[in-house]
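# Fold and geometry: a report
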Amino acid sequence: SALPPPRTRIFKIIVIGDSGVGKTCLTFRFCAGRFPEKTEATIGVDFRERLVEIDGEKIKIQLWDTAGQERFRKSMVQHYYRNVHAVVFVYDVTNAASFRSLPAWIEECKQHALGTEVPRILVGNKCDLQDSVQVGTDVAQQFADAHSMPLFETSAKSPNGLRGGSYRDSDHVEAIF
Ligand code: GDP
Ligand code: MG
């Protein structure tokens, strides 16, 4: 008799960072392959999925992208941090404040038992806005090294011609594996 088909494994990845850094756009690009025409501010949790094949096995990648509203956070935060396989921290390279917020986001993760044992990556988004960069590669790389995370500078909007050479839209997530 035939074996039952293997169950698709699910990888839950949470995408964290200040409001406006591009979390929704990044997850949209990863799951839909393009920049969204129009985004509304996330209310609660945005949830997207993409099926990928890794070493011949189909894996469902679930991206959880939140908004920072206090009311949401109090009620949902426990649920959000449960059974997480990887964490993506996002800042906006044109917004120094979003970079300065990273230690607080990292600390919140730690408080929910997501320390260095969970793969974590750092993503600097909006590199297409080269004239407005406030967070340079050097300082970001130092921060990433200090927290044992790989750094990816990228853009959800414009896939080509960015600092650091070629950029593929899904690198920031697929690199985790
Ligand atoms: P979120 O609050 O972190 O989910 O941020 P959104 O994904 O909603 O994006 C916030 C704003 O930044 C929107 O106006 C987006 O169009 C814009 N945005 C997001 N990613 C990029 C990017 O890579 N480049 C540029 N130029 N704008 C972006
Ligand atoms: Mg959003």
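We now turn to the structure provided with this report. Owing to the predicted nature of the structure, the values given are computational and were not obtained by experimental measurement.

### Regarding the site of ligand 1
Surrounding ligand 1, one finds 17 residues, the nearest of these being Gly20, Lys23, Thr24, Cys25 and Asp128. Within the backbone of Val21, an N or O atom sits 3.4 Å from an oxygen atom of ligand 1. Ala156 is positioned such that a nitrogen or oxygen atom in its backbone is 2.9 Å from an oxygen atom of ligand 1. Surface burial for ligand 1 is 79%, taken as the share of its 580 Å² of free accessible area covered by protein chains. A per-class count over the shell around ligand 1 returns five nonpolar, seven polar and five charged.

### A few points about the side chain of Lys23
Tracing the backbone shows Lys23 in helix H1 (residues 23–32). Among the polar contacts made by the side chain of Lys23, one reaches the main-chain carbonyl oxygen of Asp18 at a distance of 2.8 Å. Excluding its chain neighbours within four sequence positions, the residues that come into contact with Lys23 are Val15, Ile16, Gly17, Asp18, Asp65, Thr66 and Val90.

### As for the packing of aromatic side chains
Counted according to the given criterion, the structure contains two aromatic pairs. Ring geometry for Tyr91 and Phe99: centres 5.0 Å apart, planes at 70 degrees, overall edge-to-face. Here the guanidinium or amino end of Lys12 rests over the ring plane of Trp64, the centre of that ring lying 3.8 Å away.

### Some thoughts on the pairing of strand S5 (residues 120–125)
A regular strand places its side chains so that they alternate between the two faces of the sheet. Of all six residues in S5, six are buried; the element is thus mostly enclosed. Going residue by residue along S5, you find Arg120, Leu122 and Gly124 tucked away on one face and Ile121, Val123 and Asn125 tucked away on the opposite face as well. Relative to S5, strand S4 (residues 86–92) runs parallel, the two sharing six bridges. Paired with Phe89 across the two strands is Leu122, which belongs to S5. In terms of strand pairing, S5 meets strand S6 (residues 151–153) through three bridges, oriented parallel. In the strand pairing of S6, Gly124 is matched with Glu153. Taken together, S5, helix H5 (residues 137–146) and S6 form a β-α-β motif whose crossover is right-handed.

### Section: the nonpolar core
Ile14, Ile16, Val87, Phe89, Tyr91 and Leu122 are the most contacted members of the largest nonpolar core, which has 26 residues in total. Take this core: its biggest share by element is four residues, from helix H4 (residues 102–111). Residues within four places of Ile16 in sequence aside, it is in contact with Lys23, Tyr80, Tyr81, Val87, Val88, Phe89, Val90, Trp105 and Cys109. Grouped together as the second largest cluster of nonpolar side chains are 17 residues, Phe11, Ile59, Leu63 and Ile121 included.

### Here we look at the pattern of salt bridges
Taken as a whole and judged by the stated rule, the model has five salt bridges. Here Lys60 ties to Glu49 by a salt bridge, and the two come within 3.9 Å at their closest N and O atoms. Of the two residues, Lys60 sits in strand S3 (residues 57–66) while Glu49 sits in strand S2 (residues 45–54), which places them eleven residues apart along the sequence. The exposure class of Lys60 is partly exposed, given its relative accessible area of 27%. Across the pair Asp92 and Lys126 runs a salt bridge, and its minimum N-O distance is 3.3 Å. Here Asp92 is found in strand S4, whereas its partner Lys126 is found in the loop between S5 and H5, with 34 residues between them in sequence. A residue is classified by how much of its surface remains accessible, and Asp92, at 5% relative accessible area, is buried. Relative accessible area serves as the criterion here: at 22%, Lys126 is assigned to the partly exposed category.

Calculation notes
- Residues numbered from 1 in each chain as written.
- Chains lettered and ligands numbered in written order.
- Predicted model: local features only at pLDDT ≥ 70, side-chain atom pairs only at ≥ 80, totals over all residues.
- Heavy atoms only, no water.
- Near = heavy atom within 4 Å.
- Polar contact = N/O pair within 3.5 Å; in protein donor to acceptor, adjacent residues only side chain to side chain.
- Areas by Shrake-Rupley, 256 points an atom, 1.4 Å probe, with all protein chains shown as cover.
- Nonpolar A, V, L, I, M, F, W, Y, C, P; charged D, E, K, R; others polar.
- Helix = DSSP H or I, 4+ residues; strand = E, 2+ residues; numbered from the N terminus.
- Contact = heavy atoms within 4.5 Å.
- Phe/Tyr/Trp six-rings, centres within 6.5 Å; stacked < 30°, edge-to-face > 60°.
- Lys NZ or Arg CZ within 6 Å of the ring centre and 35° of its normal.
- Buried < 20%, exposed > 50% of the residue type's maximum accessible area, 1.4 Å probe, protein only.
- Pairing = 2+ DSSP bridges.
- Right-handed = clockwise from strand over helix to strand, strands pointing away.
- Core = buried A, V, L, I, M, F, W, Y, C linked by side-chain atoms within 4.5 Å.
- Salt bridge = Lys/Arg side-chain N within 4 Å of Asp/Glu carboxyl O.

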